[in-house]
Structures are given as C-alpha cells and as structure tokens.
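# Chain and residue survey
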Amino acid sequence: MAPGILQAKALTKSFKGFYAVDGVTLNVEEGSIHALIGANGAGKTTCFNLLSKFLEPTSGSIVFKGKDITRSKPDRVARLGLVRSFQISAVFGGLSVMENVSLALQRGRGESFDFWRSPRALAHQRPRAEELLESVGLSAYKETPAAELPYGRKRALELATTLALDPEVMLLDEPTAGMATEDVGRIARLIQTVAKGRTVVMVEHNLGVVSELCDRITVLARGQILVEGDYETVSRDERVIESYIGGGGHE
Ligand SMILES: Nc1ncnc2c1ncn2[C@@H]1O[C@H](COP(=O)(O)OP(=O)(O)O)[C@@H](O)[C@H]1O
Ligand SMILES: [Mg+2]
C-alpha cells in the first residue's frame, strides 16, 4: 500500500499499565474517508486523541505528510493541516453563527487576537463566511446566536468553523452522536460534501453512516485492530458481527 497522508505505527497508550490502545498501525490514504469503529471501550476515543495529538502515546509513532509528528503539539499539527473538529474552533454561544465562522476564518489565518476581534477584520471575512455557511446549510441562521441553534445545526456550525481552517485532514469525533434521524442524514451528506478534496478520519458508531460514507474502516477491539477493509469486508467478518451484535453491544 502506498504511504498514506497520515500513518500510525504500533501506536500504544497505556494508563497505569492498562493498554487502551495497543500496537495500532494505520495507513490513512489521502482523499479517503476512514472510519474507526468498535464496541464501547475498544479504544476509539483514545486512538483519536493520539492522532490529534491531544494525548501523548506511550510508544509508537505518527507521521503526517511524511513528517514525524509523534511529539508535536496539537496547535502545531493543526497549522500543518491536521485539524480536529472543535479544536481551535470552539463555538461561542453568545456570538451569532456568522460571527463564529468569521472568527474561525480570522484565527485560521493566524492573525493576532486583537486583530481578529476587530469588527473591521470580521467584516473582511464575510464573503468567505457566507460561502461556508451556505456549504453547511446554515444560511438561514446567520444572525442566530450559536447557543440558540438546534443540536444538529450546532454540529453543522462546528463543522463550518473547522472547515474555516481549511484542513487537509479533518478528524471528526462521532459527528452524528446524539442526533435525531433526520439530522444524521443531513450531517452525513454534509460530511460527504466537505470531504471532497480532503481526507477525513472519523470515529462513528452509526453503521449506516459508516457504510454510506467511508472508504476504509478500521475495527478496534480491546485496543487492537480486529479487522480492516471496506464496509463489505468488515461487515462480513464474524468477529465484527459478534462484537457488535453478540458481544457487549455497541454504543
Ligand atoms: N484517562 C484514562 N485513564 C484510564 N483509563 C482510560 C482513560 N481513557 C480511557 N481509558 C480506558 O481505555 C479503554 C478505551 O477507552 P476509549 O478509548 O474511551 O474507548 P471507546 O472510545 O472505544 O469507547 C476503556 O477501558 C477506558 O476505560
Ligand atoms: Mg469513545
């Protein structure tokens, strides 16, 4: 397999001797949507936190665009183009949807705090902000304070503020978690749209979403890779069926 845009080699994280992630090797292909799935406690979130640099691995390495980022800080890898949803892009409840996206755009450019707060700087971002809001279906909510958005729309705003940073690789942690069915479908289509020209790595428990969106799926169990492949392959695997249906249930 060609070296992917993001690679993990024998990634391991132990908490006081308990191996939450245990020797995980991943090759995320450029332009793909790659899912991490698995039963509750399988190590998905820990793995995700390692990839986004929010946790230091106990051992193993992470390479992004050919650079070893194993010991890099999250803000540094974000500048390199590996961005986790909600990372730099916290949503400010008291600000409008438009202001939130404008701020994210301003910060993405690495402008100083004082500058990105100024109304003039924000106005400057408006055309691009309009475009982003359109792409996530929030045009009708421009002036709505973020705190007043319905839950599914709030997740769409988070996606927009992440996109504002124009990441090459986007890391999404359970983007459809807690959503009503109609919102799940909308967010799934949204991810499909924003994934064009990017790479997406997502933790996702909704298998319908995974089958619809993901090119490659890594199934984790007890911190290790159980099976990997396209949806056809992994959904046929006895052990996957067992861990999702027969075993301890899923999230
Ligand atoms: N900070 C921590 N300290 C101790 N144990 C942890 C910590 N984080 C996760 N774990 C344990 O590691 C295992 C994997 O957790 P997690 O990565 O959250 O799984 P998942 O996201 O797949 O449900 C679980 O048994 C969990 O209890
Ligand atoms: Mg989790």
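Right above here is the structure, for reference.
Predicted, not measured: the structure shown is a model, and the values here were computed from it.

Cut-off values and rules
Residues numbered from 1 in each chain as written. Chains lettered and ligands numbered in written order. Predicted model: local features only at pLDDT ≥ 70, side-chain atom pairs only at ≥ 80, totals over all residues. Heavy atoms only, no water. Helix = DSSP H or I, 4+ residues; strand = E, 2+ residues; numbered from the N terminus. Buried < 20%, exposed > 50% of the residue type's maximum accessible area, 1.4 Å probe, protein only. Contact = heavy atoms within 4.5 Å. Phe/Tyr/Trp six-rings, centres within 6.5 Å; stacked < 30°, edge-to-face > 60°. Lys NZ or Arg CZ within 6 Å of the ring centre and 35° of its normal. Pairing = 2+ DSSP bridges. Salt bridge = Lys/Arg side-chain N within 4 Å of Asp/Glu carboxyl O. Near = heavy atom within 4 Å. Polar contact = N/O pair within 3.5 Å; in protein donor to acceptor, adjacent residues only side chain to side chain. Areas by Shrake-Rupley, 256 points an atom, 1.4 Å probe, with all protein chains shown as cover. Nonpolar A, V, L, I, M, F, W, Y, C, P; charged D, E, K, R; others polar. Axes fitted to C-alpha atoms, helices over the stretch in contact; angles between N-to-C directions.

## Quick look at the side chain of Ser 14
Relative to the helices and strands, Ser 14 is located in strand β1 (residues 6-15). Ser 14 gets classed as buried once you look at its relative accessible area, which sits at 18%. When sequence neighbours within four positions are dropped, the list of residues in contact with Ser 14 reads Tyr 19 and Thr 58.

## Details of the packing of aromatic side chains
Using the criterion set out here, one finds zero aromatic pairs in the structure. For Arg 84, the ring lying beneath its charged end belongs to Phe 54, and the centroid distance is 4.3 Å.

## Section: unusual backbone geometry
Positive phi, normally seen in glycine, also occurs at Ala 10, with a value near 50°. Along the chain, Ala 10 turns up in strand β1. At Arg 222, a residue that is not glycine, the phi angle is positive and equals roughly 50°. Relative to the elements of secondary structure, Arg 222 occurs in the loop between β9 (216-221) and β10 (224-229). On the basis of relative accessible area, Arg 222 is assigned to the exposed category, the value being 74%.

## Quick look at the pairing of β9
For β9, the buried fraction is high: five of the six residues fall into the buried class. Across five bridges, strand β3 (residues 33-38) lies against β9 in parallel orientation. Considered in β9, the bridge of His 34 is made with Arg 216. Joining the antiparallel neighbours β9 and β10 is a turn of two residues, in which Arg 222 adopts a positive phi near 50°.

## Description of helix α1 (residues 44-51)
The buried fraction of α1 amounts to seven of the eight residues, a majority that puts the element mostly inside the structure. What α1 keeps buried is the set Lys 44, Thr 46, Cys 47, Phe 48, Asn 49, Leu 50 and Leu 51. Two residues or fewer after α1 comes Lys 53, characterised by a positive phi angle close to 75°.

## Overview of the pattern of salt bridges
Tallied over the entire structure, the rule returns 13 salt bridges. Across the pair Arg 71 and Glu 56 runs a salt bridge, and its minimum N-O distance is 2.6 Å. Within this pair, whereas Arg 71 is found in the loop between β5 (67-68) and α2 (74-80), its partner Glu 56 is found in the loop between α1 and β4 (59-64), the two being separated by 15 residues in sequence. Taking relative accessible area as the criterion, Glu 56 reaches 32% and is therefore assigned partly exposed. For the salt bridge of Glu 130 with Arg 126, the shortest nitrogen-to-oxygen distance reads 3.3 Å. Of this pair, Glu 130 and Arg 126 both sit in helix α6 (residues 126-135), four residues apart, roughly one helical turn. Among the residues examined, Arg 126 registers a relative accessible area of 34% and is labelled partly exposed.

## Observations regarding the pairing of β3
Of all six residues making up β3, six are buried, and the element is well covered by its neighbours. Residues Ile 33, Ala 35 and Ile 37 of β3 are buried on one face, and the alternating residues His 34, Leu 36 and Gly 38, pointing to the opposite face, are buried as well.

## Some points on the site of ligand 1
In the region of ligand 1, twelve residues are neighbours, and Gly 41, Gly 43, Lys 44, Thr 45 and Thr 46 sit closest. Between ligand 1 and the protein, one listed contact pairs an oxygen atom with a side-chain N or O atom of Thr 45 at 2.8 Å. One of the side-chain N or O atoms of Thr 46 is found 2.6 Å from an oxygen atom in ligand 1. For ligand 1, whose free accessible area comes to 560 Å², the fraction covered by protein is 60%. Residue assignment for the shell around ligand 1 shows that the elements contributing at least two residues are β2 (18-28) and α1. Broken down by element, the residue count for the shell around ligand 1 peaks at three residues, all from α1. A breakdown of the residues in the shell around ligand 1 according to their chemical character gives five nonpolar, five polar and two charged.

## What to know about the sheet that holds β2
With antiparallel pairing, four strands are arranged side by side in an open sheet as β2-β1-β4-β5. The open sheet has two free edges, formed respectively by β2 and β5, since each of these has just one partner strand. Taken together, the five bridges between β1 and β4 define a ladder with antiparallel strand orientation. Each residue of the ladder has a partner; that of Gln 7, found in β4, is Val 63. Here α1 sits on the sheet in contact with β1, β2 and β4, set at roughly 120° to β1.

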